[in-house]
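Chain by chain, the residues:
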Amino acid sequence: MGYIAGEYDVIVVGAGHAGCEAALAAARMGCSTLLLTINLDMIAYMPCNPSIGGPAKGHVVREIDALGGEMGKNIDKTHIQMRMLNTGKGPAVYALRAQADKVLYQREMKKVLENQPNLVLHQGMVEKLIVENGTCKGVVTRTGAHYRSKTVVLTTGTYLRGKVIIGDLSYESGPNNQLPAVNLAHHLHELGFEMVRFKTGTPPRVNRKSIDTSRMEIQPGDEEPRAFSYETTEFITDQLPCWLTYTNEKTHQYIRDNLHRAPMYSGVIEGRGPRYCPSIEDKIVRFADKGRHQIFIEPEGRETEEMYVQGLSTSLPEDVQLQILRTIEGLEKAEMMRTGYAIEYDAIVPTQLWPSLETKLVENLFTAGQINGTSGYEEAAGQGIMAGINAARKVQGKDPVILDRSQAYIGVLIDDLVTKGTNEPYRLLTSRAEYRLLLRHDNADLRLTEIGYEIGLISEERYRRFIAKKEAIEKEIARLRATKVKPTPEVQAILKEMGTTEIHNAVELADLIKRPELSYKEIARMSPPPEPLAPEVEEQVEIQLKYEGYIKKSLQQVEKMRKMEEKRIPDWVDYNKIAGISSEAREKLNQVRPVSLGQASRISGVSPADISILMVYIEQGGKVYSKT
Amino acid sequence: METDTIAAIATPLGEGGIAVIRVSGPEAIPIADQIYKGKTSLADVPTHTVHYGYIVHPDTGERIDEVLVTVMRAPRTFTREDVVEISCHGGMVPVHAVLEALLSAGARLAEPGEFTKRAFLNGRIDLSQAEAVIDLIRAKTDRAAKVALKQHEGRLSRLIRQLRNEIVETLAHLAVNVDYPEYDAEEMTSRFLRERCQQIEKEIDRLLSTARQGKIYREGIATVIVGRPNVGKSSLMNALTQENKAIVTEIPGTTRDVIEEYVNVRGIPLRLLDTAGIRETEDIVERIGVERTHKALEQADLVLLVLNYAEPLHEEDRKLISILKQYTAIVIVNKIDLPGQLNLEEVRSLVGDTPLITTSLKQEKGIEELEEAIASLFLLGKVETAEGTYVSNARHIHLLKKAKQNVRDCIDGIDAGVPLDMVEIDLKNAWQNLGEIIGEAVAEDLIDQIFSQFCLGK
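Residues numbered from 1 in each chain as written. Chains lettered and ligands numbered in written order. Predicted model: local features only at pLDDT ≥ 70, side-chain atom pairs only at ≥ 80, totals over all residues. Heavy atoms only, no water.

- As recorded in an unreviewed UniProt entry, chain B goes by tRNA modification GTPase MnmE and comes from Lihuaxuella thermophila.
- The UniProt entry for chain B carries the following text under Subunit (unreviewed entry): "Homodimer. Heterotetramer of two MnmE and two MnmG subunits."
- Chain B has a UniProt comment under Sequence similarities (unreviewed entry) that states "Belongs to the TRAFAC class TrmE-Era-EngA-EngB-Septin-like GTPase superfamily. TrmE GTPase family." (UniProt positions renumbered as here; feature names shortened; annotations may be inferred.)

- An unreviewed UniProt entry lists chain A under the name tRNA uridine 5-carboxymethylaminomethyl modification enzyme MnmG, with Lihuaxuella thermophila as the source organism.
- Within the UniProt record for chain A, the comment given under Subcellular location (unreviewed entry) is "Cytoplasm".
- Quoted straight from UniProt, the Subunit (unreviewed entry) entry for chain A says "Homodimer. Heterotetramer of two MnmE and two MnmG subunits."

**Some words on the overall build of chain B**
So, point 1. A tally of regular secondary structure across chain B gives 16 helices and 14 strands.
So, point 2. In chain B, which comprises 458 residues, the proportion classed as buried is 53%.
So, point 3. The contacts of chain B with a sequence gap of at least 6 include a subset with a gap of at least 24, amounting to 69%.
So, point 4. Total accessible area computed for chain B in this model is approximately 20,400 Å², and 50% of it derives from carbon and sulfur atoms. (Helix = DSSP H or I, 4+ residues; strand = E, 2+ residues; numbered from the N terminus. Buried < 20%, exposed > 50% of the residue type's maximum accessible area, 1.4 Å probe, protein only. Contact = heavy atoms within 4.5 Å. Areas by Shrake-Rupley, 256 points an atom, 1.4 Å probe, with all protein chains shown as cover.)

**A few points about the packing of aromatic side chains**
All names here are of chain A.
So, point 1. Using the criterion set out here, one finds five aromatic pairs over all chains in the structure.
So, point 2. Here tyrosine 8 and tyrosine 147 contribute two aromatic rings whose centre-to-centre distance is 6.3 Å and whose plane-to-plane angle is 50°, an arrangement assigned as tilted. You can see tyrosine 8 sitting in strand β1 (residues 3-13) and its partner tyrosine 147 sitting in strand β9 (residues 145-154), a full 139 residues away along the chain.
So, point 3. A relative accessible area of 5% places tyrosine 147 in the buried class.
So, point 4. An aromatic cluster is defined as three or more aromatic residues linked by ring pairs; in this entry it consists of Tyr453, Tyr463 and Phe466.
So, point 5. Stacked on the ring of tryptophan 354, the Lys or Arg lysine 360 has its end atom at 5.2 Å from the ring centre.
So, point 6. For arginine 432, the ring lying beneath its charged end belongs to tyrosine 426, and the centroid distance is 4.1 Å. (Phe/Tyr/Trp six-rings, centres within 6.5 Å; stacked < 30°, edge-to-face > 60°. Lys NZ or Arg CZ within 6 Å of the ring centre and 35° of its normal.)

**Digging into the confidence of the model for chain B**
All names here are of chain B.
So, point 1. Put simply, chain B has an average pLDDT of 75, and 68% of its residues get 70 or more.
So, point 2. The least confident element of chain B, judged by mean pLDDT, is strand β9 (residues 247-249) at 40; the most confident is helix α1 (residues 28-35) at 94.
So, point 3. For residues 243-259, every residue scores under 50 in pLDDT, and the model assigns this stretch 26 contacts once sequence neighbours within four places are set aside.
So, point 4. Overall fold confidence (pTM) sits at 0.77, and the ipTM for the predicted complex is 0.84. (pLDDT = per-residue confidence, 0-100.)

**Overview of the state of the cysteines**
Residues and elements named next belong to chain A.
So, point 1. Evaluated as defined, the whole model comprises zero disulfides over all chains.
So, point 2. With no disulfide of its own, cysteine 20 lies closest to cysteine 31 among cysteine sulfurs, the gap being 17 Å.
So, point 3. With no disulfide of its own, cysteine 242 has cysteine 48 as its nearest cysteine by sulfur position, at a separation of 14 Å.
So, point 4. Given a relative accessible area of 4%, cysteine 242 falls into the buried group. (Disulfide = S-S within 2.5 Å.)

**Digging into the UniProt feature "binding site: FAD" (unreviewed entry) in chain A**
Residues and elements named next belong to chain A.
So, point 1. Feature annotation in UniProt places "binding site: FAD" (unreviewed entry) on Gly14, Ala15, Gly16, His17, Ala18 and Gly19, given in this structure's numbering.
So, point 2. Considering the arrangement of structural elements, one finds glycine 14 in the loop between β1 and α1 (17-28).
So, point 3. Discounting residues that sit within four places of it in the chain, glycine 14 has contacts with Gly19, Leu35, Leu36 and Thr155.
So, point 4. Residue placement: alanine 18 occurs in helix α1.
So, point 5. Taking the relative accessible area as the measure of exposure, alanine 18 reaches 4% and is therefore buried.
So, point 6. Apart from the residues lying within four places of it in its own chain, the contact partners of alanine 18 are Thr155, Ala368, Gly369, Ala380, Ala381 and Gly384.

**Considering the side chain of threonine 70 of chain B**
Residues and elements named next belong to chain B.
So, point 1. Its location among the elements puts threonine 70 in strand β5 (residues 63-72).
So, point 2. Look at threonine 70 and you get buried, because its relative accessible area is 18%.
So, point 3. Those residues within four positions of threonine 70 in sequence are excluded, and the remaining contacts are Thr49, Val50, Val83, Val84 and Glu85.

**A look at the sheet that holds strand β10 (residues 163-166) of chain A**
Within a sheet, each strand pairs with its neighbour through backbone hydrogen bonds, oriented either parallel or antiparallel.
Residues and elements named next belong to chain A.
So, point 1. Strand order across the open sheet formed by four strands is β11-β10-β19-β12, with antiparallel pairing between neighbours. The outermost strands of the open sheet, each flanked by one partner alone, are β11 (169-172) and β12 (195-202). Between one strand and the next, the sheet's axes are offset by a mean angle of 20°, whatever the strand orientation.
So, point 2. Pairing of β12 with strand β19 (residues 341-348), which is carried by eight bridges, proceeds in the antiparallel orientation. By the bridge assignment, methionine 195 is partnered in β19 with isoleucine 348. (Pairing = 2+ DSSP bridges. Axes fitted to C-alpha atoms, helices over the stretch in contact; angles between N-to-C directions.)

**A closer look at helix α19 (residues 583-592) of chain A**
Residues and elements named next belong to chain A.
So, point 1. When α19 is considered as a whole, its buried residues turn out to be Ala585, Arg586, Leu589 and Val592. Here the buried residues of α19 occupy an arc of 145° about the axis, which is enough to place them on one side. In α19, those exposed residues whose orientation departs by more than 90 degrees from the buried face are Ser583 and Glu587.
So, point 2. Tucked inside the fold, the buried residues of α19 contact α11 (409-420), α20 (597-601) and α21 (608-619).
So, point 3. Count one or two residues on from α19 and you reach arginine 593, which has phi positive near 45°. (Arc of directions from axis to C-beta.)

**So, the environment of threonine 223 of chain B**
Residues and elements named next belong to chain B.
So, point 1. When you line up the elements, threonine 223 lands in strand β8 (residues 221-226).
So, point 2. Among the residues examined, threonine 223 registers a relative accessible area of 0% and is labelled buried.
So, point 3. Put simply, threonine 223 and valine 303 are 80 residues apart on the chain and 5.7 Å apart in space, counted from C-alpha to C-alpha.
So, point 4. The residues contacting threonine 223, other than those within four sequence positions of it, are Leu270, Arg271, Leu272, Leu273, Leu302 and Leu304.

**Side note on the domain arrangement of chain A**
So, point 1. By the assigned domains, chain A splits into domain 1 (472-554) and domain 2 (567-620).
So, point 2. Using only C-alpha atoms to locate each centre, domain 1 of chain A and domain 2 of chain A end up separated by 48 Å. (Domains from an automatic or database assignment.)

**A closer look at the packing of α1 of chain A against helix α4 (residues 102-114) of chain A**
All names here are of chain A.
So, point 1. Viewed as axis vectors pointing N to C, α1 and α4 meet at an angle of 25°, and their least axial separation amounts to 11 Å. By the angle between their directions, the pair α1 and α4 is classed as roughly parallel. Crossing geometry of α1 relative to α4 is assigned as left-handed. Where α1 abuts α4, its residues His17, Cys20, Leu24 and Arg28 lie against Tyr105, Met109, Val112 and Leu113. (Parallel < 35°, antiparallel > 145°, perpendicular 65-115°, else oblique. Left-handed = near helix turned anticlockwise from the far one by under 90°.)

**Observations regarding the pattern of salt bridges**
Residue and element names in this part refer to chain B.
So, point 1. Tallied over the full model, the rule gives 67 salt bridges over all chains.
So, point 2. Put simply, aspartate 317 and arginine 228 hold a salt bridge, and the shortest N to O gap is 3.0 Å. With aspartate 317 in helix α11 (residues 315-324) and arginine 228 in the loop between β8 and α8 (233-243), this residue pair connects regions lying 89 residues apart in the sequence.
So, point 3. For aspartate 317, a relative accessible area of 1% translates into the label buried.
So, point 4. Overall, the relative accessible area of 7% leaves arginine 228 in the buried class. (Salt bridge = Lys/Arg side-chain N within 4 Å of Asp/Glu carboxyl O.)

**Here's the deal with the pairing of β5 of chain B**
Looking along a regular strand, one sees side chains alternate from face to face of the sheet.
Residue and element names in this part refer to chain B.
So, point 1. Of all 10 residues that make up β5, seven are buried, and the element is covered over most of its length.
So, point 2. Bridging between strand β4 (residues 49-56) and β5 involves eight bridges; their strand directions are antiparallel. Pairing of tyrosine 54 across the sheet is with glutamate 66, part of β5.
So, point 3. The turn joining β4 and β5, which pair antiparallel and follow one another in sequence, is formed by six residues; a positive phi near 75° is taken by glycine 61.
So, point 4. Judged from the five bridges that link them, β5 and strand β6 (residues 83-89) form a sheet pairing that is antiparallel. Directly across from threonine 70, in β6, lies its bridge partner glutamate 85.

Next up, the structure:
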């Protein structure tokens, strides 16, 4: 049964946040691309919280934008509020977060996909891959359509053998009662992929009309216009607030009384859940001494009364969920529109991937998003764009693009996944990045636009603007280094006004700006630039000079690792033949098959001594001191 | 190029006539120059030449050893970096003193196999030695693993672990403020962080104050021989000194009758305190009372208590044994060639865990065993100073100093108004330095800590 339905360069399976970015990147790079999804109405759907960004995640959105991706632009068009978080802290951890209008976000993304040249959208459930001699040659859908292609990107989200759990009820389902992808899950297992079962969950939704926000704390958006994309020029000013309320002792008691009905504790759930996203029942058990937990009430969009109850993720039975809601201040009369649920799904063990996100087992097959063990829209999109780029480059016979840990949070994310694997749904945190100071939110364009341009995802026009910005920054920094101010009465007055000590001799502006009390604004007052600078240039000048010492420290650490990263491990290396490395190291090296000594050194269980031995072995061409 | 300069002892540890310490890296020559006193500065000498001179300590200016220094400039060296090799007198004392001087001058102690690693990274390796190098790496790793294992049980690793816990709690707190800005955790203030850092610095200082290995290698393990008159203290001293070629020195600026003697027991330097006292007072009964002994003990790293097998246990012996419990000690029951009056079982139960050796110094019996006991106490890291933990090797001291510097940088950053999420980098480095001491530096710990310490979620 079946028919030949078409031939493409790249096929992307799944149209969530990973799939959209993958398909757009491939199509924009000139590949004929097919995007298949079980339900075309679910494109770029947000099954959980209606928000994009935040620490580390927001950084990823900026990085996607600098590489020419869509997420940043799309949320800029469709948010209901934006806030810059962490503004009281250092610039490395400023983080933009948007509340999304979910439906609008989907509609806008679908529009972009539909209008993208080289891209075909089709509704269909993929059940099998066409694999010939260990190489992926296409996919087969449930309706019998055989699509052939040079590469395939799988972005299956939580659909893969998905199972929804509410109390003692459980049924096969994707998110939000969508059809699950069951046969594809079995097929991947048959192909030989090592699979894991993960779990995640979502809270109930309530009707705005049934709750009393006057008894909650208002959480408005920033007044200053904000945007993720470096290309956004129009800003949404009409914002909607979110609301903050708390659980209380009554809530906790009710949950404790009903714990026996929680699938988490009755053993119904087998999947591994994320620690950073515990269900409310989990929070009550694990942090018993905490008297209250925050609950944020967030609108799901402008055209709906549906509100997301952040902090109340749960898989308790429906009746218990309603009672819990009604113990909370402001929610006493809440009408529950959707019930919270836990969802279990299959993922592949991500150490089975190369850093390009191509699988080691099946050539020309790429995976991105939750199938790789991550959680979060941004993490998915970040992998999606990389998988799309690398699938397209494979078609074009080019080397993959691999971002390293000092270039991008996306690099940290992918390196962690393919090198260390994960035993819970993986979420990015700023603490996972060792070069956090270099991976700032403000400099994503400086880090990645060049790469995006070379790949062909950044327009000439945007690139020219970027170069102009870069040059303006360099010029102004050079000027501040070359210019000294003298202790004139005007200068002393400014210093005094800012509450910092006066100067006695002529001082370099580049040194003066390092004082915590001073910003670029004051420096420019003392010695204005020949032409006024754009705010984003001023921002860069200030950050780069102010934190120069710390940035240098980080750069030195990067330099130290660089050499190890550059030493490639050749294909002929046979870890079983290297005498002297520990057996744990041997096992892990065989599993991960690192591409560089740098990657090898990050595998847990591989010691510096193992690395040294490996180096000697490689240098010997494997001839000397092998076991045989 | 690697950014730092490494140093390590290149010859096997032991009692060789000459030992070589190798330094490699961009700063190898300037660092060596800081501790070298010779006719010309090493910066000015031609490459691949040997120079005679002295090594002095960079902080104290104290002369350490007479040496030959070989200067080899990149690229014609083993590592293809600038290399300096210092040949000094063999034996643990001068070798470690020179190494410590280099570390104080800014070199970093090399990890096992690191010279080879650099040779490789810089595109050169001695092909014919590949096997030997691998064996060396393995041997070193095995030894390091054994040492690490022993220290796992030790008090040091417990203290380091405690300290690391304090730091990681602080780091997790900072991380939660950053990663979950809306979570209702108390915001870490700079005042609070500063206090935490000062506390941590103080604790590192306390560890460092007990970290006297460098001092011990220079000065020897302060050893006091105690016992009632006529039990054989003098014979014990003679046995140790005769066996081991004692060097008798006069300490400048002290009175003549406080003489210290150095003996070298299986490569471990002992500094026998108050030897003049023992030598002179052996005949004069009761000159050393318990009180004075107690005072001498306060300076001791190791106490050797001598008991007389030919006499029943004296009240004073009991007092000495009870005092002993606060110290690292060995009990020596001497004169076992004579008919026994002493109840050995009773003594054993009184001394508890303290090692007990029986000797006949007169017949030169039991000296081997005594030396063995001293060596194993030392090598097991059980020799502790009066203050407590004994940090037992140069690598640990070096890492502790680095950790301290990082905590200092953190405090300085706070004082300069740098945002906390930036100074956090220094604190994280300190945490990693400490982790390297006990072989734990995995960043995953932090992630675990965040989620066990705070209740987070959507």
